[in-house]
Amino acid sequence: MEERLAGGEFSEAAPDALEIADDFASFDDGVSEGDATLSGVARIASADEIPDKLYFKIGEASRLLGVKPHVLRYWETEFRVVRPSKTLTRQRLYSRRDVETLLTIRHLLYDEEYTISGAKKKLRSVISKQVEMEFLAREERRELAGFARELEFHVAALTALSK
């Protein structure tokens, strides 16, 4: 397609809709159905594979999880447990714990095929079990610390008697 300009010159006209659609259909953004990669970075499968960092920007977190950033923003609205902090420039910073929680959410939604509401219920039960386990662990540490103090007292008493 050519178009005549004012000076008698020819230039290519704007491509028609079919050409644009063909170009768009051949566009490869690195994401394909059933593929676990996003922009060439393999998604992580477990919390052990999360890089040793305190915070992750939304792009880093989305690449690690194999989802697009808008999915993470949506999950923030649906799952109250995911609350990234924000910088002064309003960039989201996901903590390691947030990424671990998002990994669990991704597993529930994509691998286990839970609905959003089903994943919320399952996540609540998982989190309540974790909280209970942490509480029990704290209680056991307190109890052990008490036993250690008592043992130190008895060792000191026996040492004093043996002198």
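In the block above lies the structure referred to throughout.
Being a predicted model, the structure only gives us computed values, none of them experimental.

Student: I tried to follow the environment of Val82 on my own but got confused; where do I start?
Tutor: In this structure, Val82 sits in the loop between helix H3 (69-78) and strand S6 (85-86). Taking the relative accessible area as the measure of exposure, Val82 reaches 0% and is therefore buried. Among all residues touching Val82, those that are not within four sequence positions of it are Glu76, Tyr94, Asp98, Thr101, Leu102 and Ile105.

Student: Which parts of the structure should I look at to understand the nonpolar core?
Tutor: Grouped burial of nonpolar side chains is what soluble globular proteins tend to show. Residues Leu72, Trp75, Phe79, Tyr94, Leu102 and Ile105 are the most contacted members of the largest nonpolar core, which totals 22 residues. Elements with a contribution of two residues or more to this core: helix H2 (58-65), H3, helix H4 (96-111) and helix H5 (116-162). Take this core: its biggest share by element is 6 residues, from H4. Ignoring anything within four residues of it in the chain, the contact list for Phe79 reads Ile105, Leu109, Ile116, Ala119, Lys120 and Leu123.

Student: How do you make sense of the pattern of salt bridges when you look at a structure like this?
Tutor: According to the stated counting rule, one finds 6 salt bridges in the structure shown. For Lys120, the salt bridge is made with Glu78, and the minimal N-O distance between the two is 3.1 Å. Placement of Lys120 in helix H5 and of Glu78 in helix H3 is noted, with a sequence separation of 42 residues between them. Residue Glu78 is classed as partly exposed on the basis of its relative accessible area of 23%.

Student: Would you mind going over the layout of surface pockets with me for this structure?
Tutor: Over the atoms rolls a probe the size of a water molecule, and its path tells where empty space is left. When its volume is computed, the largest pocket comes out at roughly 280 Å³. Lining the largest pocket are 13 residues, and of these Arg97, Glu100, Thr101, Ile127 and Gln130 sit closest to its centre. It is H5 that contributes the most residues to the lining of the largest pocket, 6 residues altogether. By residue class, the composition of the lining of the largest pocket is 6 nonpolar, 3 polar and 4 charged.

Student: Is there a simple way to explain the sheet that holds strand S5 (residues 55-57) in this structure?
Tutor: Note on sheets: strands pair through backbone hydrogen bonds, and any given pair is parallel or antiparallel. With antiparallel pairing, 3 strands are arranged side by side in an open sheet as S5-S7-S6. Whereas interior strands pair on both sides, the edge strands pair on one side only; in this sheet they are S5 and S6. Packed on one face of the sheet, H2 meets S5 and strand S7 (92-95) and runs near 95° to S5.

So, how was this worked out
Residues numbered from 1 in each chain as written. Predicted model: local features only at pLDDT ≥ 70, side-chain atom pairs only at ≥ 80, totals over all residues. Heavy atoms only, no water. Helix = DSSP H or I, 4+ residues; strand = E, 2+ residues; numbered from the N terminus. Buried < 20%, exposed > 50% of the residue type's maximum accessible area, 1.4 Å probe, protein only. Contact = heavy atoms within 4.5 Å. Core = buried A, V, L, I, M, F, W, Y, C linked by side-chain atoms within 4.5 Å. Salt bridge = Lys/Arg side-chain N within 4 Å of Asp/Glu carboxyl O. 1 Å grid on protein atoms, 1.4 Å probe; cavity = no way out; pocket = protein on both sides within 12 Å on 5 of 7 lines; lining within 4 Å. Points joined across faces, edges and corners; volume = space filled by probe spheres on them. Nonpolar A, V, L, I, M, F, W, Y, C, P; charged D, E, K, R; others polar. Pairing = 2+ DSSP bridges. Axes fitted to C-alpha atoms, helices over the stretch in contact; angles between N-to-C directions.

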